[in-house]
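Coordinate inspection notes
Below are the chains, spelled out letter by letter.
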Amino acid sequence: MPKSYLQITPELARRIKLVVADVDGTLLSDGDEVSSPVARAIRALEQAGIMVGFDSGRPFTRLEPLAASLNASGPVIAENGCVAKLKCGAGLYDLGYSRQPALKALTKFKADFPTAIREAFDYKDRLIDVGFFADGVPHVELLKRMEGVQLLDSGYMLHMIQNGVSKGKSLKRILGLIGDGQIHPDEVMVFGDSATDISLFTEFENSVLVINPRLPKEQTIDICRQAKFQSKLSFGDGFVEVITYLLKQRSDATF
Ligand SMILES: [Mg+2]
């Protein structure tokens with residue numbers, strides 16, 4: 001089980017140079033707007049010299065404007081690790097992933113379950129990840145028809161991405177190109193709420209599970225095993241309480 005965020009020590013708090021957060025279920029529960037306390041917490045991190053980045057299942061069209069509105073200086077990784085920008089407004093960093101294996105599987109799903117399979121509302125905005133809904137089709141039936149791709153359930157929609165791609169691996173791949181290029185994995189703190197964030201938690205030791213009370217319990221078992229810390233409050237309130245504590249621990253340590 002993860003420890004309470006109150007176990008974050010001043011030493012660890014002072015070490016953090018980059019905070020990377022998932023968005024849906026972690027910074028917000030619904031919609032596109034983060035709350036004012038979340039925006040303030042992100043501003044406070046940046047003012048304390050800690051870069052803030054995002055690693056989300058959203059496409060850039062729904063992630064980058066959010067990052068820009070928060071004046072975050074860190075990386076923007078979209079589509080569950082399939083595509084990345086080193087910072088908001090930068091060009092695409094080529095991770096070399098393909099959409100073809102996922103499209104092939106989607107074609108099979110549509111042929112076998114024509115009434116159940118629906119492309120997600122932001123399907124056309126996605127460059128690599130295929131977002132979709134499969135009303136009533138058991139995951140095991142989908143898995144039988146997939147080759148070279150993984151199925152992810154974010155709690156908001158289903159995603160298919162090429163095998164080997166993950167939020168955590170993509171962040172690790174570009175880490176050496178962020179900021180001064182000297183950020184070490186143990187100087188990163190990652191925040192997530194669901195199964196799609198497990199790779200962030202396994203690749204980066206300083207991980208925080210933000211409580212998402214909407215997720216079924218069986219979906220949180222694996223991520224609970226991997227998270228180092230957890231929030232008490234849910235969604236954005238949970239993120240804010242942990243960031244507030246982290247910043248307090250840093251300032252305590254300087255006196
Ligand atoms: Mg999430």
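For the structure itself, look to the data block above.
Residues numbered from 1 in each chain as written. Predicted model: local features only at pLDDT ≥ 70, side-chain atom pairs only at ≥ 80, totals over all residues. Heavy atoms only, no water.

Okay, the sheet that holds strand 2 (residues 18–21) next. Taken together, eight strands build an open sheet; the order of strands is 1-12-11-10-2-3-4-5 and the sheet is mixed. At either margin of the open sheet sits one strand with a lone partner, and together these are strand 1 (3–4) and strand 5 (83–85). Sheet topology places strand 3 (residues 51–55) next to strand 4 (residues 76–78); two bridges connect them, and they run parallel. Bridge pairing in strand 4 links phenylalanine 54 to valine 76. Here helix 3 (residues 60–69) sits on the sheet and contacts strand 3, strand 4 and strand 5; the angle it forms with strand 4, its principal contact strand, is near 160 degrees. (Pairing = 2+ DSSP bridges. Helix = DSSP H or I, 4+ residues; strand = E, 2+ residues; numbered from the N terminus. Contact = heavy atoms within 4.5 Å. Axes fitted to C-alpha atoms, helices over the stretch in contact; angles between N-to-C directions.)

Moving on, we come to the coordination of the magnesium ion. With distances of 2.1 to 2.2 Å, the protein atoms coordinating the magnesium ion are Asp22 (OD), Asp24 (O) and Asp193 (OD). Here the donor residues of the magnesium ion are spaced in sequence according to D-x1-D-x168-D. Taken together, the residues span a long stretch of sequence, with aspartate 24 in the loop between strand 2 and helix 2 (36–47) and aspartate 193 in the loop between strand 10 (188–192) and helix 7 (198–203) at a distance of 169 residues. Each member of the pair, aspartate 24 together with aspartate 193, is buried. (Donors = N, O, S within 2.8 Å, 3.2 Å for Na, K, Ca; no water. Buried < 20%, exposed > 50% of the residue type's maximum accessible area, 1.4 Å probe, protein only.)

Time to look at the environment of valine 210. Tracing the sequence through the fold places valine 210 in strand 11 (residues 207–211). Leaving out residues up to four positions away in the same chain, valine 210 has contacts with Gly25, Thr26, Phe191, Gly192, Asp193, Ser231, Ser234, Phe235, Gly238 and Phe239.

Let's shift gears to the nonpolar core. When a protein is soluble and globular, its nonpolar side chains tend to lie buried together. Grouped together as the largest cluster of nonpolar side chains are 66 residues, with contacts concentrated most on Ile8, Phe54, Phe191 and Phe239. Two domains each donate at least three residues to this core, and these are domain 1 (3–95 + 165–254) and domain 2 (100–162). Those residues within four positions of phenylalanine 191 in sequence are excluded, and the remaining contacts are Val19, Val20, Ala21, Asp22, Thr26, Leu200, Phe201, Val208, Val210, Phe239, Val242 and Ile243. If you look at the next biggest cluster of nonpolar residues, it comprises 18 residues, including Ala116, Tyr123, Val137 and Leu158. (Core = buried A, V, L, I, M, F, W, Y, C linked by side-chain atoms within 4.5 Å. Domains from an automatic or database assignment.)

Turning to helix 4 (residues 100–112), a few remarks are in order. With 13 residues, helix 4 ought to run about 18 Å at 1.5 Å a step, and its terminal C-alpha atoms sit 19 Å apart, in line with that. Listing the buried residues of helix 4 in full gives Ala102, Ala105, Leu106 and Phe109. Considered in projection along helix 4, the buried side chains sweep an arc of 105 degrees and stay on one side of the axis. The outward face of helix 4, more than 90 degrees from its buried face, is lined by the exposed residues Gln100, Lys104, Thr107 and Ala111. Packed against the buried residues of helix 4 are strand 6 (117–119), strand 7 (130–134), helix 5 (139–144), strand 8 (149–153) and strand 9 (158–162). (Expected span 1.5 Å × (residues − 1). Arc of directions from axis to C-beta.)

So, on to helix 2. Over its 12 residues, helix 2 extends 16 Å from the first C-alpha to the last, a length consistent with the 16 Å expected when each residue adds 1.5 Å. Buried within helix 2 we find Val38, Ala39, Ala41, Ile42 and Leu45. Down the axis of helix 2, the smallest arc covering the buried residues is 160 degrees, so these residues share one side. Of the residues trailing helix 2, glycine 49 is marked for its positive phi of about 85 degrees.

Turning our attention to the packing of aromatic side chains. Any pair of aromatic rings gets described here by the distance separating the centres and the angle formed by the planes. Under the counting rule described, the total for this entry stands at three aromatic pairs. Note on tyrosine 5 and tyrosine 245: the rings are 5.7 Å apart at their centroids and 85 degrees apart in plane angle, and the pair reads as edge-to-face. Note that tyrosine 5 is positioned in the loop between strand 1 and helix 1 (10–15) and tyrosine 245 in helix 9 (residues 235–254), a separation of 240 residues in sequence. Its relative accessible area of 18% is what places tyrosine 245 among the buried residues. Geometrically, the ring pair formed by phenylalanine 109 and phenylalanine 132 is tilted, given 5.6 Å between the ring centres and 40 degrees between the ring planes. Residue phenylalanine 109 is found in helix 4, and its partner phenylalanine 132 is found in strand 7; the two are separated by 23 residues along the sequence. A relative accessible area of 0% means that phenylalanine 132 is categorised as buried. (Phe/Tyr/Trp six-rings, centres within 6.5 Å; stacked < 30°, edge-to-face > 60°.)

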